[in-house]
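Residue-level listing of the chains:
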Amino acid sequence: MRLVPRWALFSSGCAPLLLVGGWAIAARFEGSAYDPATQTISVLAAYGSPGFWVMTGALLALGACHILTAWGLRPAALAGRVALAGGGVAALVVALLPVPSSGGSLRHGSVVVVGFTLLAVWPVLAADRGAAAPWGLRPAPSIIVTALIGLGAAWFVFEMQRHGSAGVAERVLTSLQSLWPFVVVVSCIRRLEKDERVT
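Residues numbered from 1 in each chain as written. Predicted model: local features only at pLDDT ≥ 70, side-chain atom pairs only at ≥ 80, totals over all residues. Heavy atoms only, no water.

Student: I keep staring at the packing of helix α5 (residues 106–126) against helix α6 (residues 139–161) and nothing clicks. Help me out?
Tutor: Two numbers describe a pair of packed helices, the interaxial angle and the distance between the axes. Across the interface, α5 lies against α6 with an axial gap of 6 Å and an inter-helix angle of 160 degrees. Considering their axes alone, α5 and α6 lie roughly antiparallel with respect to each other. Like other packed secondary-structure pairs, α5 and α6 cross with a definite hand, here left-handed. On the side of α5, the interface is formed by F116, L119, A120, V121, P123 and V124, while α6 contributes S142, I143, V145, T146, I149 and F156. (Axes fitted to C-alpha atoms, helices over the stretch in contact; angles between N-to-C directions. Helix = DSSP H or I, 4+ residues; strand = E, 2+ residues; numbered from the N terminus. Parallel < 35°, antiparallel > 145°, perpendicular 65-115°, else oblique. Left-handed = near helix turned anticlockwise from the far one by under 90°. Contact = heavy atoms within 4.5 Å.)

Put into structure tokens, the structure is as follows:
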């Protein structure tokens, strides 16, 4: 199995912390005007919002983390690594194309859809069918995670259309998307350590 550099633990581990920390801090700047249960993360990064700079910085850092993790995740199939890096690029673009202070943005929404899609399919595209594959790259967990992300995306769309708990759905979805690369990296490193002990 190809070596996963130790810094990939840092890049993949920082991704969920930056995302959650970014929306938590930005929401504090917004105060009571912001409802995290019903409003999306994009509202926090909108032009003119008090926490704009915090959420924008968090999205930029998140995108960089995904790109670095994709680079270091050498045991994963190339298509999955490209999809993960593409999700990172989408996060960078989302940060650079924030929604306006009122109303929506087709460009922002389109990039969000592309990013969500890439981060949904990367686990399946990265899967390794070999018997010695690390747990996080085996087909069954990869398919399950992609299915869960797909269900989370459907839940988010449903809540958006009914003006319900879109903020909750988006946070669950993006948390899973940002945490899974860390799980995969840990499983790869543990598998490599196990192989080294055997030999």
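Now that the structure has been shown, the text picks up again.
Student: Can you walk me through the packing of aromatic side chains in this structure?
Tutor: Given two aromatic rings, one states the distance between the centres and the angle between the planes to describe the pair. Taken as a whole, this structure holds five aromatic pairs when the rule is applied. The ring of W23 has R171 sitting right over it, with the charged end atom 5.1 Å from the ring centre. (Phe/Tyr/Trp six-rings, centres within 6.5 Å; stacked < 30°, edge-to-face > 60°. Lys NZ or Arg CZ within 6 Å of the ring centre and 35° of its normal.)

Student: Teacher, can you tell me more about the environment of G150 here?
Tutor: Here G150 lies in helix α6. By relative accessible area, which is 38% here, G150 ends up partly exposed. Placed 119 residues apart in sequence, G150 and G31 show a C-alpha to C-alpha distance of 31 Å. (Buried < 20%, exposed > 50% of the residue type's maximum accessible area, 1.4 Å probe, protein only.)

Student: Quick question: what am I supposed to make of α5 here?
Tutor: Note that an α-helix has 3.6 residues per turn; residues three or four places apart therefore point the same way. Here α5 spans 30 Å end to end across 21 residues, near enough to the 30 Å set by a 1.5 Å rise per residue. For α5, the principal kink sits at A120 and spans about 30 degrees; a proline, P123, occurs within the next four residues. Within α5 the residues assigned to the buried category are H108, V111, V112, G115, F116, L119, A120, W122, P123 and A126. (Expected span 1.5 Å × (residues − 1). Bend = angle between axes of the 7 residues up to and from the residue.)

Student: What is the right way to read the nonpolar core from this model?
Tutor: It is characteristic of soluble globular proteins that their nonpolar side chains tend to be buried jointly. Grouped together as the largest cluster of nonpolar side chains are 45 residues, with contacts concentrated most on L44, M55, L73, W122 and V184. Put simply, the parts of the chain that give this core at least two residues each are α1 (7–30), α2 (41–44), α3 (52–72), α4 (78–96), α5, α6 and α7 (166–198). Per element, the largest residue contribution to this core is eight residues, and it comes from α7. With residues near it in sequence (within four places) discarded, M55 still touches L19, G22, W23, A26, I41, L44 and A45. (Core = buried A, V, L, I, M, F, W, Y, C linked by side-chain atoms within 4.5 Å.)

Function-wise, these values are silent; they only describe arrangement.
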